[in-house]
Every structure is written in structure tokens, then in C-alpha cells.
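# Structural overview for review
As a plain string of letters, each chain reads:
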Amino acid sequence: MSAKLRVVHYLNQFFAGVGGEERSDHPVSARPGPVGPGVLLDKILGGDAEVVGTVFAGDGLFAENEEACAAEALARIQEYAPDLLIAGPAFNAGRYGLACAAVCRAAEEAGVPVVTAMHPENPGFPAAGTSVHTVPAADSAVGMEEALEAAARLGLKLARGDKIGSAADEGYLPRGIRYNEVAELPTSRRAVDMVLRKIRGEPYQTELDVPTLEEIAPPEPVADLKKARIAIVSEGGMVPPGNPDRFSGSRNGNWATYSFEGKDALPGGAFISIHGGFNTVFVNEEPDRMLAVDAFRRLADEGEIAELFDDFLSTCGNGGAFAEMDGIGRAWAAELKKGGVEGVVLPAT
Amino acid sequence: MEREGIPTVIVTCLPDVARDIGVNRIVNNRAGHFHHPFGDPSRTPEAEREWRLGAARAAVKTLAERVDGPTVFEY
């Protein structure tokens with residue numbers, strides 16, 4: 001029979017029994033064997049695995065020195081040569097959740113399988129990133145046993161190197177990663193089955209959650225166009241020839257600032273489009289067919305707008321993920337505000 | 001960008017898509033095309049430039065218009 005899997009448990013100062021907020025400056029420490037909720041975890045792990053050590057730190061100290069504390073915790077964790085790290089459950093304690101996330105990221109980077117547990121609204125969940133597995137926990141310690149059971153179940157699979165299925169099948173919080181898998185029935189059958197279940201009022205599970213989009217209230221309009229600096233931005237994949245910022249033609253996450261300075265129009269070759277979702281021949285022939293710099297310069301010359309902003313913010317939106325594009329939009333808004341831009345025109349393909 | 005308070009208009013030949021995802025200011029430039037929102041290669045170069053000037057003017061004018069939600073402006 002093979003040896004028991006070695007599990008290290010990460011806790012904060014409270015669950016390690018050191019003390020409450022008054023001890024949240026407690027340094028990163030380690031103790032052999034299980035501590036506090038680790039005793040229950042050890043029991044849940046059963047005969048196949050055991051808690052060989054517990055590493056803990058004060059939440060306050062960790063929050064103020066995250067990088068150093070995570071490195072220190074990792075060193076302590078590695079002294080136990082673990083097959084698995086379980087962090088938390090952090091419930092809805094924000095600093096504890098963030099500490100669990102940081103410890104898990106550090107341990108995972110060092111090659112240790114990790115799982116953490118916390119409430120889905122704990123800021124530590126998004127901070128754990130897309131590679132760390134997080135199982136859901138209640139918002140308080142009443143959900144201790146359930147959370148530890150879920151963490152142990154998934155953690156043992158990770159430690160053994162078993163194939164991990166979808167979030168719904170394995171009971172972890174969705175990380176935004178999709179896996180391809182072969183279905184038993186073809187799409188047509190699954191679609192008809194789903195619609196029949198829907199008609200009969202039976203429960204059914206969609207295969208593709210449609211992202212819900214935030215409603216944005218329209219801002220105050222531009223008060224006086226004649227005094228307004230206007231920017232052109234685009235998702236049309238417009239880049240200088242050679243694509244120096246390595247935009248990809250599909251599912252791109254890059255953006256860059258280029259310049260219209262000194263250009264009254266965009267002749268062929270000023271920009272090219274690397275967008276993979278439309279026929280770029282016409283735009284490459286004459287980039288103003290996308291960006292209309294010639295027209296906006298004329299509007300400025302004729303006094304209809306004050307000026308065209310010289311900075312051109314560019315990305316490729318083909319097949320872009322909403323979250324990614326939202327991030328780009330936020331970055332652009334910051335740039336445009338810095339540049340005193342009052343209105344934006346976004347030609348889209 | 002509109003969330004951050006900067007009026008923004010999308011120029012597109014797919015106004016329904018833009019409206020369905022909640023874009024507030026949309027210029028539907030029907031004479032343009034999916035492949036070139038500010039172009040119309042079927043015109044002579046001179047006529048295309050004049051058409052584009054009109055499209056750019058239509059776009060900036062929407063920035064000064066008050067809208068309550070997704071609104072399509074025709075060009």
C-alpha cells in the first residue's frame with residue numbers, strides 16, 4: 001500500500017487559535033500536524049491522506065506584506081514536502097480570503113496542488129485567478145464541515161493527478177475556463193431534448209451561459225461640439241504594418257496607442273487591419289474606410305469640432321471575451337480622460 | 001467609456017447587435033458595409049470622401065444628443 005498523501009493546511013491567526021483582531025499581526029508560523037479546523041479536515045481525509053503540518057499567519061500582517069508573507073508561507077509549506085495544500089475555508093473574511101488566494105498561487109507556481117475554500121463573494125475568489133480551484137463555503141464558520149468536505153474531495157483528486165471535470169461536476173466555483181469534451185449525443189438531439197424539457201416545465205441545464213451585460217446609463221452629452229476634442233478608437237484590428245504589438249486576429253487581448261499626428265488622411269499602408277473576422281482588403285487599400293481621419297480633420301478645419309485627438313487607441317475585437325473587452329474599455333476611458341477627450345467615435349465591423 | 005462619463009458612438013452596419021448589447025449611441029450607416037464602416041468603394045473616390053464626411057458628421061452629432069438608452073441614428 002502506498003504511503004498516505006501529505007496535506008498542509010493554511011489558516012489565519014484566528015482559526016489557528018492564536019487570537020482575534022488584536023493578534024492579526026502574528027508572523028507566518030508553522031506547527032506539525034493539524035490545528036483547529038485541521039482536526040476535522042484530518043478526519044474527513046480519512047485513511048488516504050493526513051494533515052502533516054499547519055501554516056498560519058495574521059490576516060493584517062499578510063494584507064500589508066502580501067508578497068513577503070506568501071513567500072514565507074510557501075517556504076514553511078515546502079518544509080513538509082506536501083502532496084496537497086488546502087487553504088481556509090476563509091468564508092466571507094476578505095483579508096483571510098486574499099491570503100488564501102496568495103498562498104495558493106505561490107504554492108501552485110511551485111508545483112504543489114492546491115485548493116482553497118471561501119464564499120463566492122469573498123474578494124479572495126477572483127484574486128485566486130484562473131488556475132487555482134476554489135470550492136464554495138458559507139459566509140460564516142457554520143459551513144465549516146461542508147466546505148472542508150468539498151475541499152478534501154477535490155484536493156485529493158488534484159493530489160492524485162486525476163482528471164478534473166467541470167465546475168458543476170466537481171463542485172468548485174467556475175473559473176471562466178471552458179473544456180472541450182465529447183458528448184454522447186449530437187447537438188441536434190441535445191437541443192431538441194432541452195427544448196422538450198423546457199416545454200414540459202422540467203428542469204434543464206444550458207450548455208452555454210450567456211453573459212449578462214451591465215446596463216450603462218448614457219452620460220451627459222457633449223455640451224458644445226465646436227469646443228470638443230474628439231477621439232477615434234476602434235476594435236477593427238488596425239495596426240501599423242508589421243503588427244508591432246502582436247495583436248491576434250481573433251480572441252485578442254492586446255491594445256495599443258498609435259498616432260494620427262501630422263496625418264490629414266490615411267493612405268494605403270498607414271495602417272493595416274489584422275482582424276480575422278471580415279474582409280480587410282478594402283480597409284487596407286484605404287484605412288480611412290475604417291478610421292475616417294480625413295473626414296474628422298475636415299470637421300475640425302470647418303470648426304464643427306475643436307480637434308481630432310492625435311492618440312489612436314486600437315484593439316482587435318473579433319471573438320473578444322466580454323470581460324477582456326471591458327478591461328480594455330476601462331483602460332481606454334482612463335487614457336481618454338487624461339487626454340481631455342469629450343467624445344468618442346468607435347467604428348466597428 | 002460611457003460608464004466613465006465619455007459620450008461614445010458606435011458606427012456600424014449591425015445596429016441590432018449594438019442595441020442588444022446595450023450600446024447607447026449607434027449610427028447605422030447602411031450605405032457603409034460590414035467590412036468598411038466608413039467606406040463605400042462602390043462610389044467614385046471623390047463621392048466616397050463626401051459620403052464619409054457626412055457619416056463622420058452624423059456620428060459626432062449624436063455625441064451632443066441626449067439619449068435615454070440604446071438609440072439608433074440612421075445615416
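Everything quoted here is computed from the prediction, not taken from an experiment. All chains use their own residue numbering, which begins from 1 and follows the written sequence. The order in which chains are written sets their letters, starting at A; the order in which ligands are written sets their numbers, starting at 1. Confidence filtering applies because this is a predicted model: local features only for residues at pLDDT of at least 70, side-chain atom pairs given and counted only at 80 or more, and all residues used for totals across whole chains, interfaces and linings. The side-chain quantities take in all heavy atoms of the structure and omit both hydrogens and water.

Moving on, we come to the overall build of chain A. Counting secondary structure elements, chain A contains 12 helices and 13 strands. A principal-axis box enclosing the C-alpha atoms of chain A has dimensions of 80 × 55 × 40 Å. Whether a residue is buried, partly exposed or exposed follows from its accessible area with a 1.4 Å probe, protein chains only, as a fraction of its type maximum: under 20%, in between, or over 50%, in that order. When burial is assessed residue by residue, chain A has 46% of its 349 residues classed as buried. Here, two residues are considered to be in contact whenever any of their heavy atoms come within 4.5 Å of each other. For chain A, the share of sequence-separated contacts (at least 6 apart) that also reach a separation of at least 24 residues comes to 71%. To qualify as a helix, a DSSP run of H or I must reach at least 4 residues; to qualify as a strand, a run of E must reach at least 2; elements of each kind are numbered from the N terminus.

This brings us to the overall build of chain B. Summing up its helical and strand segments, chain B has two helices and three strands in all. Each helix and strand of chain B, placed in order from N terminus to C terminus, yields the pattern β-α-β-α-β. Judged by the C-alpha coordinates and their principal axes, chain B covers about 40 × 20 × 20 Å. Classification of the 75 residues of chain B by burial places 52% in the buried group. By sequence separation, contacts in chain B at least 24 residues apart represent 40% of the contacts at least 6 residues apart. Per-residue and other accessible areas were derived by the Shrake-Rupley procedure at a 1.4 Å probe size, with only the shown protein chains allowed to occlude residues. A total accessible area of about 3,300 Å² is found for chain B, and carbon and sulfur atoms account for 51% of it. When charges are counted, neither His nor the chain ends are considered; positive counts come from Lys and Arg and negative counts from Asp and Glu. For charged residues, the charge sits on one atom: NZ in Lys, CZ in Arg, CG in Asp, CD in Glu. Both charge centroids of chain B, one from 10 positive and one from 11 negative side chains, sit 3 Å from each other.

Turning next to the domain arrangement of chain A. Domain start and stop points were drawn from an automatic or database domain assignment. Examined at the domain level, chain A breaks down into domain 1 (5–170) and domain 2 (225–345). Centre-to-centre, using C-alpha coordinates, domain 1 of chain A lies 45 Å away from domain 2 of chain A.

Residues and elements named next belong to chain B. The alternating pattern of strand β2 (residues 25–28) places Arg 25 and Val 27 and Ile 26 and Asn 28 on opposite faces, both of which are buried. A pair of strands counts as paired when DSSP detects no fewer than two bridges linking them. Examined bridge by bridge, strand β1 (residues 8–12) and β2 share four bridges and lie parallel to one another. Within the sheet, the bridge partner assigned to Thr 12 lies in β2 and is Asn 28. With the strands aimed away from the viewer, a crossover counts as right-handed if its path from the first strand over the helix to the second runs clockwise. Following the chain from β1 across helix α1 (residues 15–20) to the adjacent parallel β2, one finds a crossover that is right-handed. Pairing between β2 and strand β3 (residues 71–74): four bridges, direction parallel.

Right, let's talk about the side chain of A:Thr280 for a bit. Residue and element names in this part refer to chain A. Residue placement: Thr 280 occurs in the loop between β10 (272–273) and α9 (281–285). Relative accessible area serves as the criterion here: at 15%, Thr 280 is assigned to the buried category. Discounting residues that sit within four places of it in the chain, Thr 280 has contacts with Ser 273 and His 275.

Take the pairing of strand β9 (residues 255–259) of chain A next. Residue and element names in this part refer to chain A. Side-chain alternation along β9 places Ala 256 and Tyr 258 on a buried face and Trp 255, Thr 257 and Ser 259 on a face that remains uncovered. Inspection of the sheet shows β9 paired to strand β12 (residues 311–315) by five bridges, in the antiparallel sense. Bridged to Trp 255 within β12 is Thr 315.

The description of two aromatic rings rests on the distance between their centres and on the angle between their planes. Residues and elements named next belong to chain A. Paired rings are identified among Phe, Tyr and Trp, the last through its six-membered ring, by centres lying within 6.5 Å, and are further divided according to the angle between planes into stacked (under 30 degrees), edge-to-face (over 60) and tilted (the rest). Tallied over the full model, the rule gives 13 aromatic pairs over all chains. Considering the side-chain rings of Phe 15 and Phe 91, the 5.9 Å spacing of their centres and the 45° angle between planes classify their relative orientation as tilted. Within this pair, whereas Phe 15 is found in the loop between β1 (5–12) and β2 (29–32), its partner Phe 91 is found in the loop between β4 (84–87) and α4 (94–109), the two being separated by 76 residues in sequence. In this pair, the class of Phe 15 matches that of Phe 91, namely buried. With 6.2 Å between their ring centres and 85° between their planes, Phe 260 and Phe 271 make a pair best called edge-to-face. With Phe 260 in the loop between β9 and β10 and Phe 271 in the loop between β9 and β10, this residue pair connects regions lying 11 residues apart in the sequence. For the residue pair Phe 260 and Phe 271, the accessibility class agrees, reading buried in each case.

Residues and elements named next belong to chain A. A helix is expected to span 1.5 Å for every residue after the first. With 17 residues, helix α6 (residues 144–160) extends 24 Å between its outermost C-alpha atoms, agreeing within 8% with the 24 Å of an ideal straight helix rising 1.5 Å per residue. For α6, the complete set of buried residues consists of Met 144, Ala 147, Leu 148, Ala 150, Ala 151, Ala 152, Leu 154, Gly 155, Leu 156, Leu 158 and Ala 159. After α6 finishes, the residue Gly 161 shows a positive phi value of roughly 75°.

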